[in-house]
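Spelled out from the first residue to the last, the chains are:
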Protein chains: 2
Amino acid sequence: MQADRVIRALSALAQEHRLAAFRLLVQAGEQGVAAGVLAEKLQVPPSSMSFHLAQLANAGLVTQRRESRSIIYSADYAAMNGLMGYLTENCCGGMSCSEDAACLPSPQRKSA
Amino acid sequence: MQADRVIRALSALAQEHRLAAFRLLVQAGEQGVAAGVLAEKLQVPPSSMSFHLAQLANAGLVTQRRESRSIIYSADYAAMNGLMGYLTENCCGGMSCSEDAACLPSPQRKSA
DNA sequence: TCGATATTTTAATAGTTATCGAATCATTGG
DNA sequence: CCAATGATTCGATAACTATTAAAATATCGA
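What you are looking at is a predicted structure, and each value in this text was computed from that prediction instead of being measured. (Residues numbered from 1 in each chain as written. Chains lettered and ligands numbered in written order. Predicted model: local features only at pLDDT ≥ 70, side-chain atom pairs only at ≥ 80, totals over all residues. Heavy atoms only, no water.)

Focus: the protein's contact with DNA strand C
Note the threshold: When we say a residue is near a molecule or strand, we mean one of its heavy atoms is within 4 Å of it. Note on conventions: DSSP H or I runs of at least 4 residues are helices, E runs of at least 2 residues are strands, and numbering of each starts at the N terminus. Note that Gly is not counted as nonpolar here; it falls among the polar residues with everything else outside the nonpolar set of Ala, Val, Leu, Ile, Met, Phe, Trp, Tyr, Cys and Pro and the charged set of Asp, Glu, Lys and Arg.
The environment of DNA strand C is made up of 22 residues, and the closest members are Arg18, His52 and Gln55 of chain A together with Gly36 and Tyr73 of chain B. Within 4 Å of the protein, the contacting atoms of DNA strand C are drawn from sugar and phosphate to the extent of 68%. Contributions of two or more residues to the surface near DNA strand C are made by helix H2 (16-28) and helix H4 (46-58) of chain A together with helix H3 (35-42), helix H4 (46-58) and strand E3 (70-75) of chain B. A per-class count over the surface near DNA strand C returns seven nonpolar, eleven polar and four charged.

Focus: the pairing of strand E2 (residues 62-67) of chain A
Definition in use: Paired strands, as defined in this entry, are two strands with at least two bridges between them according to DSSP.
Pairing of E2 of chain A with strand E3 (residues 70-75) of chain A, which is carried by six bridges, proceeds in the antiparallel orientation. The residue of E3 of chain A that forms the bridge with Thr63 of chain A is Ser74 of chain A.

Notes on the nonpolar core
To keep it simple, the criterion reads: The nonpolar core is taken to be a set of buried Ala, Val, Leu, Ile, Met, Phe, Trp, Tyr and Cys residues, with the residues joined through side-chain atoms within 4.5 Å. Note on exposure labels: buried denotes an accessible area under 20% of the residue type's maximum, exposed denotes more than 50%, and partly exposed covers the range between, all computed with a 1.4 Å probe on protein chains only. Residue contacts follow a heavy-atom distance rule, with two residues in contact if any of their heavy atoms lie within 4.5 Å.
Counting 68 residues, the largest nonpolar core has Leu61 of chain A together with Leu61 of chain B as its most contacted members. Beyond its immediate stretch of four places on either side in the chain, Leu61 of chain A contacts Ala9, Ala12, Leu13, Phe22, Leu56, Ser74, Ala75, Asp76 and Ala79 of chain A.

A few points about the packing of H3 of chain B against H4 of chain B
Residues and elements named next belong to chain B. Rule in force here: Axis lines are fitted to C-alpha atoms, over the contacting stretch for helices. Their N-to-C directions set the angle, which ranges from 0 to 180 degrees. For classification purposes, angles smaller than 35 degrees are called roughly parallel, those larger than 145 roughly antiparallel, those between 65 and 115 roughly perpendicular, and all remaining angles oblique. When the near helix sits turned anticlockwise from the far one by under a right angle, the crossing is termed left-handed; a clockwise turn instead gives a right-handed crossing.
It is the contact of H3 with H4, at a shortest axis distance of 9 Å, that shows an interaxial angle of 115°. By the criterion of interaxial angle, the relationship of H3 to H4 is roughly perpendicular. Of the two elements, H3 crosses H4, and the hand of that crossing is right-handed. From H3, Ala35, Leu38, Ala39 and Leu42 reach across to H4, where they touch Pro46, Met49 and Leu53. Of the residues contributing to the contact of H3 with H4, the split by class is seven nonpolar, no polar and no charged.

Some words on the environment of Val26 of chain A
By secondary structure assignment, the location of Val26 of chain A is in helix H2. Here the alpha-carbon distance between Val26 of chain A and Met80 of chain A, two residues 54 residues apart in the chain, equals 9.5 Å.

A closer look at the sheet that holds strand E2 (residues 62-67) of chain B
All names here are of chain B. One open sheet accounts for three strands, arranged E1-E3-E2; its pairing is antiparallel. Two strands close off the open sheet at either side, each with one partner strand: strand E1 (33-34) and E2. In the packing of helix H2 (residues 16-28) onto the sheet, contacts are made with E1, E2 and E3, and the angle to E3 comes to roughly 80°.

Some thoughts on the sheet that holds E2 of chain A
Taken in spatial order, the three strands of this open sheet run E1-E3-E2 (chain A), and their pairing is antiparallel. Strands at the two margins of the open sheet, each flanked by one partner only, are strand E1 (33-34) and E2 of chain A.

Some thoughts on empty space enclosed by the protein
The condition is simple: Grid points spaced at 1 Å over the protein atoms alone were grouped into cavities, where a 1.4 Å probe fits but cannot get out, and pockets, open sets with protein on both sides within 12 Å along at least five of seven lines, with lining residues defined by an atom within 4 Å of a point. Grid points are joined across faces, edges and corners, and a volume is the space filled by probe spheres set on the points.
Going through the model one piece at a time under the given rule, you end up with two cavities of 30 Å³ or more. In this structure, the second largest cavity encloses a volume near 40 Å³. Taken together, Leu10, Leu83, Met84 and Leu87 of chain A together with Leu10, Leu83, Met84 and Leu87 of chain B make up the lining of the second largest cavity. Every element with two or more residues in the lining of the second largest cavity is listed here: helix H5 (77-88) of chain A together with helix H5 (77-88) of chain B. Across the lining of the second largest cavity, the residue classes break down as eight nonpolar, no polar and no charged.

These figures come from the coordinates and say nothing about function on their own.
Here is the structure:
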């Protein structure tokens, strides 16, 4: 993932309603959630919700599909993973992540 | 980690120079890097760098300590981990993360 | 204490982003 | 085709963010 894309993703998530929407989508899984449902759950007018969803889509964090009259949004897990990987890349100079403060919740810690 | 703090952290990272600075700090580890060195590496005037570092600090993503005339910044790994945990919380409704698209690069996947 | 070095604060300006009503577009059922 | 429903686009306004020169602050060595 290149810096430019990462910045778009971070900017997209750095907003109250978009962060909340994205988390709902992450929790919803493949199935996704319709734009209107998100607007209602987050108590945001449809036009505002649409604006925010467009930003998430532009950042590549969500995908959309039409289903009858509704447009269903889903989280793009690959993009989310790419984002996190970028932040932790080469953590601690690539060496075993200092004894006291782990670089990651638990994953790719290299040695002991 | 609460939403408000997460948004501050994401906003802080969603900027070219701050993202670059944070990554340098993540890679530098506990040792940290001086403000002036960051400014030089990133080709940013000192006052701009200072502005950006203040935002990272305000977001809780970095800590600072004085060492003689220099101010040394270091990444706060705990904050970074908290951030990532927040994004993936309850991923896929808490269930095993769909077969095709993992929620995380490898860590807390719950079952098979 | 003075001058040099390292950094931050201030302040003005330019640019970007959020908000949401109204208008528009797309789909469906009758 | 028409009315209803679900969603997006437009447009105006308000609020926030980045940038950087210049001034201020802190530390050090002589």
